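Commentary on secondary and tertiary structure
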Amino acid sequence: MMNPILRKPLQPAGWAFLAMLCTGLPAQAGMLPAKNGTATNSTVAQVTVTGRITDEKNQPLPGATVIAKGTTGGTATNSSGDYSITVAGPQTVLIFSYVGYVSQEVTVGSKPVINIQLAPDLKQLTEVVVTGYGTLSKREVTSSIASIKPEEFNRGVVVSPAQLLQGKVAGLNITRSGDPNGTPSVTLRGPSTLREGSAQQPFYVIDGVPDASIDLIPPDDIVSIDVLRDASATAIYGARAANGVIIVTTKRAKSGQSQLTYSGYTALEQVSNRIDVLTGDEIRAYLKANGKTLAPADEDNVNTDWQKEVMRSPVSHSHTISFQGGSNNTLYGASVNYLDNPGVLRGSSRERTIIRANVQHSAFNNRLRLDLSVGNTFNTAKTIPSGVYENMVRYLPTVNVRNADGTFKENFGRGNSNPVSLIESITENRKTKTFMANGKIQAEILPNLFYNANLAIQDEQINYNYYANRYAQGALTTGGIAIRSSYANTKKIIESYFNYDKQFGNHDLKLLAGYSWQQDRQGDGFQTSTRGFVSDALLYNNLGLSSPPVGFVPDFGTTVIKTLRLISYYGRINYQYNDKYQIQASVRRDGSSAFGKNNQWGLFPTVSAGWQISKEPFMANVTAFSDLKLRVGYGVTGNSLGFDPFVSILRYGSTGRFYYNGSYINGVGPTQNENPDLKWEKTAMLNVGLDFGILKGRVTGSLEYYDKLTSDLIWTYPVSTTQYFVSTLTANAGKMSNKGVELTLSTTPIKTGRFTWRSNLNLAHNVNKITTLSNDKFTLNFIRTAFVGGRGQSGNSSQIVKEGLPIGTFNLWQYAGKNEKGISQYKKADGTLTTSPTSDDFVIGGNAQPKLIYGWNNSFTVGNFDLNVFVRGVTGNKILNASLAQLNGPSDANSYNQARIVLDEPFADINSYLVSSRYLESGSYLRLDNATLGYTIKTGAPAIRNLRVYVTASNLFVITKYRGIDPEMNLGGITPGIDNNNFYPKTRSFVLGANITF
């Protein structure tokens, strides 16, 4: 017989309780079903509870949360750790919590004052590492992964999140000039491809969205960055992971916490170094001493400092406001970031606004979780002509900036331009709008089995504008030249995967299986150009007012619409036994529409294992080690980044114009051969790591050894036109090796009641080598690169890619001093000397890749004061100072300005400017990159939970023997270490900032 209670209709309170179970929302206070099945309303009078929450050292915890269990009501402690909360009655259970500490539950009872001391959560303090489609505690990790937290980030004028990591991760080499619109060069464990651009960069994953734009994230929104360095960690991302994977995790609201934060700074920036060139008076004296004079048009009897004319000391500022809040089931957050970064060269700047929002909701007792994030970035980049870099040091200082009538002083017969005129006469900007939306669903289907679905779309709109007025070189007789373009790029991503996590006894098992789909559509837009404007007043804003000459052909650009699709299947297993032995294995199968029809699919397997040696019984009496773990991993990854979706197919394009039937017709013919066998570049890597801790954890670190071999390198090979339409074919043939050692140390030399000193050091050594450039189908002995140019040297290369040598190997004339006439001479291939070297006399010597990269960070805390000092540098590399070579031509001193070293040159030396080993200089440096002094203020104001003010000085000094503007050269691509009049000056900045939590 049915229980009579089950036959009894639900009372209103029962319906509320049922709704709560179905939605995961808490029932209203006093509406829980009573034991007899009827609703009861609390008749107990409300009480107010006060108290203070402190940490394990009895220090107040501002911002700790106090919640009445079973309700959404709560409060937070003030700056003194005090709280006050009104609850339903003595039976109420209060939950006290703070991030990083163990929560406590206390029944109110008759206690009007409840003081709580929270203890650190040792499980939370065990570092959590994001591994791709999941997380692991650091003790479970079997791969080479470096995790960087906000307190370790670089401070100062940060334009790209990549700058936060500069010098912080062993093996990760990041270089950047002072250009506000420059993109940092990021190389992990050496170059692994011969292709340029994004093919050299790591793969970025942001909040679980693969291949998302890193520029969507303001630095203050980042809570962690995980760098996956070896193949056993990166292979889960398959064909795009050969250069490493960088996973960025951003802020999310926490249950019961509601806070408003502001982070901002104002910075004064200045050029940190200038090229030492002659003044006008020094040029005149030098010419007079050698019996030469200036042309009348080049002599205004002035001393114009062209570097000073184009440089400035701007004020940059950045402001981020964010808000997080929510209840037990619904959390939300939003942030707005604004950055204004005028460059130190006039006319260059970057202005950026980022708006982000996120909402999370859980239902069915947290068995279903929904997460929606949106972000929009508005970026305006104003750039200057590249000719400014050369002309600000080469243009004669003996002339005025302007003529008497206000026009710019020019002498185009010399082949160079007034740098101020270049900036004023050419307007160039790029406006980029990037929108990304990401929706996530996580459902617990069965106990420990979770289904995850991520859907993301990224839409990028790029508008480019260019105008050269009627006074600009190259536009003097045109009436002004205007170019405008507008292109849209979109990404659509679907990730669908299952996670199964289960612990049973001493066994811990984690399983992953998933599917991924991505479509990239690029270049959807147009470009056009025109010329012949009546006035320069409207710039590029009304192309319809132009009157181009008869027969003018607009510049439609070379961008075409391209669609790339990728489909992937992947799986991973993590197993741990007795917290001592770990094993991980994964496999990913990727398909790409970019590759040849015979090789569109690739398989990328990996396996790794870990042994927690310190937990073995034989280590019980070894007190020296608090932690000792051995890791070994091997895996295969691919590289399809930066790939043209049409690279493997037969393509037709314009082959010139011809006259037919009274008009000019575009000729169309084959421009690219088909290669149905084109496939992925593959990188196989062995990694052996040792994690250790000594002196009871006061010293921790890791030692890594890796052996990385990239095969099937993609290059354009010469082929016979009897077999192919075109004389070149993009194909796989070469191999490249990288081997290295990395050391990371974290120490706490001093830790007392008020004073703490922490020191972190990372060192990385990498040896790169080209194993071969050929296979049984394609043969190539070497590749000449780095054509720096210069008078009479336009066809000369300065570097060579060759079997047995590393990328960035210099191949130059060997300088042998001066002969009896004072003319520079060089060694010939046969060992004799000559003043007229040829391309047959090039000698291999020196390399642009550092032998050692290092970073050393020291942080000190005294009471409320904190000081952080960070130095970094490289050693063992060479830089070709081609800029200096072009500034060392004695016979050209009446046409171009010269570097100060020309004063020691014989005027008769007609070879001094030739690019040779004379200008191959040490690129080693040590830089005091950042020094920050902060003070945390206890305001006592209930509205302000935390207030910290700080001052930062960036790039305070550099110790180097390099004679150029700065030794930190771009080390990406296949032409690293070249200084060739293309270097935007690095800056020194002084920052005043504040972080406020309300």
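Residues numbered from 1 in each chain as written. Predicted model: local features only at pLDDT ≥ 70, side-chain atom pairs only at ≥ 80, totals over all residues. Heavy atoms only, no water.

Details of the overall build of the protein
Convention followed: Secondary structure follows DSSP: runs of H or I at least 4 residues long count as helices, runs of E at least 2 residues long count as strands, and numbering of each begins at the N terminus. Note on classification: 1.4 Å probe, protein chains only; a residue is buried when its accessible area is under 20% of the maximum for its type, exposed when over 50%, partly exposed between these limits. For every accessible area listed, the method is Shrake-Rupley and the probe measures 1.4 Å; residues are considered covered only by the protein chains on display. A residue counts as positive if it is Lys or Arg and as negative if it is Asp or Glu; His and the chain ends are not included. Note that the charge is assigned to NZ on lysines, CZ on arginines, CG on aspartates and CD on glutamates.
Broken down by element type, the protein carries nine helices and 50 strands. With the C-alpha coordinates of the protein rotated into their principal frame, the extents come out at 115 × 70 × 65 Å. In the protein, which comprises 998 residues, the share counted as buried stands at 51%. Carbon and sulfur atoms form 57% of the exposed surface of the protein, whose accessible area is close to 44,000 Å². The averaged location of the 74 negative side-chain charges in the protein is 5 Å from the averaged location of its 94 positive side-chain charges.

Quick word on a nonpolar patch on the surface
Note the following rule: Patch rule: a residue counts if its relative accessible area is over 30% and it has no salt bridge; like charges are joined within 9 Å, and nonpolar side chains (Val, Leu, Ile, Met, Phe, Trp, Tyr) within 5 Å. Criterion for a salt bridge: a side-chain nitrogen of Lys or Arg within 4 Å of a carboxyl oxygen of Asp or Glu.
On the surface, Leu-260, Ile-321, Phe-323, Tyr-332, Val-359, Leu-372, Val-374, Phe-435, Ile-457 and Phe-998 cluster together into a nonpolar patch covering about 780 Å² of accessible area. Counting residues per element, the ones that place at least two in the nonpolar patch are β18 (315-326) and β21 (368-383). Within the secondary structure, Leu-260 sits in strand β17 (residues 259-271).

Here we look at the packing of aromatic side chains
Formally: Side-chain rings of Phe, Tyr and Trp (the six-membered ring for Trp) are treated as a pair once their centres are within 6.5 Å; stacked means planes under 30 degrees apart, edge-to-face means over 60, and tilted covers the remaining angles. By the criterion adopted, a ring carries a charge over it if an Arg CZ or a Lys NZ lies within 6 Å of its centre and within 35 degrees of its normal.
Tallied over the entire structure, the rule returns 23 aromatic pairs. Ring geometry for Tyr-83 against Phe-96: centres 5.7 Å apart, planes inclined by 70°, an arrangement best described as edge-to-face. Here Tyr-83, found in strand β4 (residues 82-87), pairs with Phe-96, found in strand β5 (residues 93-97); they are 13 residues apart in sequence, far enough to count as distant. The same class applies to Tyr-83 as to Phe-96, namely buried. With a centroid separation of 6.2 Å and 45° between ring planes, the pair formed by Trp-813 and Tyr-826 is classed as tilted. One end of the pair, Trp-813, is in the loop between β38 (809-812) and β39 (814-818); the other, Tyr-826, is in strand β40 (residues 824-827), with 13 residues separating them in the sequence. Of the two residues, Trp-813 and Tyr-826, neither departs from the other in class, the shared state being buried. Each residue in the set Tyr-133, Phe-203, Tyr-237, Tyr-497 and Tyr-570 is aromatic and connected to the rest through ring pairs, giving one cluster. We note Arg-394 situated over the ring of Tyr-896; from NZ or CZ to the ring centre the distance is 4.1 Å. Cation over ring: Lys-682 sits above Phe-604, and NZ or CZ is 5.7 Å from the ring centre.

Notes on the UniProt feature "domain: TonB-dependent receptor plug" (unreviewed entry) in the protein
The cut-off we apply is this: UniProt positions are given in the numbering used here, feature names are shortened, and annotations may be inferred rather than shown by experiment.
As recorded in UniProt, the sites labelled "domain: TonB-dependent receptor plug" (unreviewed entry) are residues 138-245. Within the segment residues 138-245, helix and strand shares are 4% and 24% respectively, and the terminal C-alpha atoms sit 17 Å apart.

Details of the environment of Trp-601
Heads up, the condition is: Here, residues are in contact when the closest pair of their heavy atoms is within 4.5 Å.
Locating Trp-601 in the fold gives a position in strand β28 (residues 601-612). Assessed through its relative accessible area of 38%, Trp-601 is described here as partly exposed. In sequence terms Trp-601 and Asp-590 are eleven residues apart; their C-alpha atoms lie 5.5 Å from each other. With sequence-adjacent residues up to four places away left out, Trp-601 is seen in contact with Ile-567, Tyr-569, Arg-589, Asp-590, Gly-591 and Trp-680.

Examining the domain arrangement of the protein
Selection rule: For every domain, the bounds stem from an assignment made automatically or drawn from a database. Using a 1.4 Å probe, buried area is obtained as the accessible area two parts lose upon being combined, added over both of them. Ten residues, namely Ala, Val, Leu, Ile, Met, Phe, Trp, Tyr, Cys and Pro, are considered nonpolar, four, namely Asp, Glu, Lys and Arg, are considered charged, and the remaining ones, Gly among them, are considered polar.
What the domain assignment lists for the protein is domain 1 (47-117), domain 2 (128-250) and domain 3 (277-451 + 462-487 + 523-560). If you average the C-alpha positions of domain 2 and of domain 3, the two centres end up 26 Å apart. Taken together, the contact pairs 17 residues of domain 2 with 23 residues of domain 3. Buried area between domain 2 and domain 3, both sides added, is near 1,700 Å², and the carbon and sulfur share of it is 55%. Broken down residue by residue, the surface that domain 2 buries against domain 3 is led by Pro-180, Asn-181 and Leu-216, which jointly contribute 34%. Scanning the region where domain 2 abuts domain 3 turns up two salt bridges. Asp-207 serves as the salt-bridge partner of Arg-356, at 3.6 Å between the closest nitrogen and oxygen. Across the side of domain 2 that touches domain 3, the residue classes break down as nine nonpolar, three polar and five charged.

Thoughts on the sheet that holds β5
This is how it is decided: Pairing between strands requires that DSSP locate at least two bridges from one strand to the other. With axes taken as lines fitted to C-alpha atoms, and helix axes fitted only over the stretch in contact, angles between N-to-C directions fall between 0 and 180 degrees.
Pairing within the open sheet is antiparallel, and its four strands lie in the order β3-β2-β5-β6. Every other strand in the sheet has two partners, leaving β3 (74-76) and β6 (104-107) as the edge strands with one partner each. Ignoring strand direction, the axes of neighbouring strands in this sheet form an average angle of 20°. Sheet topology note: the strand β2 (residues 65-68)/β5 ladder contains four bridges and is antiparallel.

Examining the nonpolar core
The nonpolar side chains of a soluble globular protein tend to be buried, and buried together. Condition: To form a nonpolar core, buried Ala, Val, Leu, Ile, Met, Phe, Trp, Tyr and Cys residues must be joined to one another through side-chain atoms within 4.5 Å.
Core analysis: the biggest nonpolar cluster contains 49 residues, and Val-310, Leu-345, Phe-810 and Leu-880 have the highest contact counts within it. Put simply, the parts of the chain that give this core at least two residues each are α6 (306-310), α7 (387-394), α8 (419-425), β23 (449-468), β24 (481-504), β38, β45 (878-881) and α9 (882-886). For this core, the element with the highest residue contribution is α7, accounting for four residues. Counting 27 residues, the second largest nonpolar core, distinct from the first, contains Phe-153, Leu-165, Ile-206 and Ile-225.

Some details on the sheet that holds strand β16 (residues 245-250)
With respect to topology, five strands assemble into an open sheet ordered β10-β15-β16-β13-β14, the strand pairing being mixed. The two strands at the open ends of the sheet, each matched to only one other strand, are β10 (145-148) and β14 (209-210).

Quick notes on α7
Within α7, six of the eight residues are buried, leaving the element largely enclosed by the surrounding structure. Every buried residue of α7 is listed here: Val-388, Tyr-389, Asn-391, Met-392, Val-393 and Arg-394. In this fold, the buried residues of α7 make contact with α6, α8 and α9.

Quick word on the side chain of Thr-432
With respect to the helices and strands, the residue Thr-432 is situated in strand β22 (residues 426-446). Judged by its relative accessible area of 15%, Thr-432 falls in the buried class. With residues near it in sequence (within four places) discarded, Thr-432 still touches Thr-377, Phe-378, Asn-379, Glu-460, Gln-461 and Ile-462.

Some points on a positive patch on the surface
Taken together, the side chains of Lys-57, Arg-698, Lys-751 and Arg-758 present a region of like positive charge at the surface. Relative to the assigned elements, Lys-751 resides in strand β34 (residues 728-751).

Topic: the environment of Val-741
With respect to the helices and strands, Val-741 occurs in strand β34. Classification of Val-741 by relative accessible area gives partly exposed; the value is 38%. Put simply, Val-741 and Asn-766 are 25 residues apart on the chain and 6.7 Å apart in space, counted from C-alpha to C-alpha. The contact partners of Val-741, leaving out residues within four places of it in the chain, are Leu-703, Glu-704, Tyr-705, Tyr-706, Leu-763, Ala-764 and His-765.

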